[in-house]
Amino acid sequence: MELLQVAITSVVSFLVLFFLAKIMGHRQIAQLSVFDYINGITIGSIAAELATELEKPLRPLLAMVIYALLTVLLEALALKYQRLRKFISGTPSIILDNGKLYRENMKKARLDLTEFLIQCRQQGYFDLGAIQTAVYESDGRLTILPVAERRPATPEDLGVAPEKEQFFTEVIMDGRILGGNLQRMGVNETWLEKQLRAQGYHSAKEIYLGLVDGNKQLSLYPIQ
């Protein structure tokens, strides 16, 4: 009965820990998600308790095993279900694009202007006019696409006027069509099906990753 109580409290604490991690956001984590980071600390803490628990070692052992199993289960479900993966890991947010700052996206990402400017400067961008697009990734890092004229290839020095670089949007992931992204790109599933057939594919299930750029050019990476 006592072991059952430990199992129940472990499941409850796991769920509470997960939702607290989602509320805290991603600002303090550079490589791991907040949930992975906190869960790792928790399992390590339980392991330390297990090492010093001489009278009832099964209790922390059971709790540690439950945490580990629930983590593995959650990761497996996230790989299978895209919506769950987005809920757990979060989604990237466009912070700056074509000279426009998206205040609402910054609020959702819990990113303030000061931190945004710091991350820009850390990547060598002191002038926001040098940035074409800035995306705040779900792991807390800022990804920057510079304007075409200021890329490392220095086309300005060569007197070259390069074409504006395109930003790609995922429309197929793991064989699943992302309807919301299709709509944002101004296309639909009928258009996508025609593009698939034109490139020799019968279904989106054959595609591991499909990307569309601003010119509505579709790039496909099939499942190997």
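For the structure itself, consult the block above.
Residues numbered from 1 in each chain as written. Predicted model: local features only at pLDDT ≥ 70, side-chain atom pairs only at ≥ 80, totals over all residues. Heavy atoms only, no water.

Considerations on the overall build of the protein
For the protein, the count of helices and strands is 8 helices and 8 strands. Put simply, 49% of the contacts in the protein that link residues at least 6 apart link residues at least 24 apart. When the accessible area of the protein is evaluated, it comes to approximately 14300 Å², of which 58% is carbon and sulfur surface. (Helix = DSSP H or I, 4+ residues; strand = E, 2+ residues; numbered from the N terminus. Contact = heavy atoms within 4.5 Å. Areas by Shrake-Rupley, 256 points an atom, 1.4 Å probe, with all protein chains shown as cover.)

Quick look at unusual backbone geometry
Backbone geometry follows two general trends: most residues other than glycine have a negative phi, and most peptide bonds adopt the trans configuration. If you check the backbone angles, arginine 110 has positive phi at about 55° while not being a glycine. Relative to the helices and strands, arginine 110 is located in the loop between helix H5 (103-108) and helix H6 (113-122). A positive phi angle is found at aspartate 174, which is not glycine, with a value near 55°. Summarising the element assignment, aspartate 174 is placed in the loop between strand E5 (169-173) and strand E6 (176-177). The class of aspartate 174 is partly exposed, set by a relative accessible area of 30%. (Buried < 20%, exposed > 50% of the residue type's maximum accessible area, 1.4 Å probe, protein only.)

A look at the sheet that holds strand E3 (residues 131-136)
By way of backbone hydrogen bonds, the strands of a sheet pair with one another, either parallel or antiparallel. Here we have 4 strands laid out as an open sheet, ordered E2-E1-E3-E4, and antiparallel in their pairing. Taken across any chain shown, the strands that pair with only one partner, and hence form the sheet edges, are strand E2 (100-101) and strand E4 (142-146). Here strand E1 (residues 93-97) runs beside E2; their pairing, made up of 2 bridges, is antiparallel. Each bridged residue has a counterpart across the sheet, and for aspartate 97 the counterpart in E2 is lysine 100. (Pairing = 2+ DSSP bridges.)

Re a nonpolar patch on the surface
Residues Leu58, Leu61, Val65 and Leu69 make up a contiguous nonpolar surface patch of roughly 350 Å² in combined accessible area. Counting through the fold element by element, leucine 61 comes out in helix H3 (residues 58-80). Among the residues examined, leucine 61 registers a relative accessible area of 34% and is labelled partly exposed. (Patch = residues over 30% accessible without salt bridge, like charges linked within 9 Å, V, L, I, M, F, W, Y side chains within 5 Å. Salt bridge = Lys/Arg side-chain N within 4 Å of Asp/Glu carboxyl O.)

So, the pairing of strand E8 (residues 218-222)
When strand E7 (residues 207-212) meets E8, the two strands line up antiparallel, connected through 5 bridges. Within E8, the position partnered with isoleucine 207 by the bridge is proline 222. Remark: 5 residues form the turn of the hairpin made by E7 and E8, two consecutive strands paired antiparallel; lysine 216 in that turn has positive phi of roughly 60°.

A look at the sheet that holds E6
An order of E6-E5-E7-E8 is seen for the 4 strands of this open sheet, with the pairing classed as antiparallel. On the outer flanks of this sheet lie E6 and E8, each paired with one strand and no other. Packed on one face of the sheet, helix H8 (residues 189-198) meets E5, E6, E7 and E8 and runs near 65° to E8. (Axes fitted to C-alpha atoms, helices over the stretch in contact; angles between N-to-C directions.)

What about the pairing of E7?
Where E5 lies against E7, 4 bridges are found, and the strand directions are antiparallel. Along E7, the bridge assignment pairs methionine 173 with leucine 209.

These values are about where atoms sit, not about what they do.
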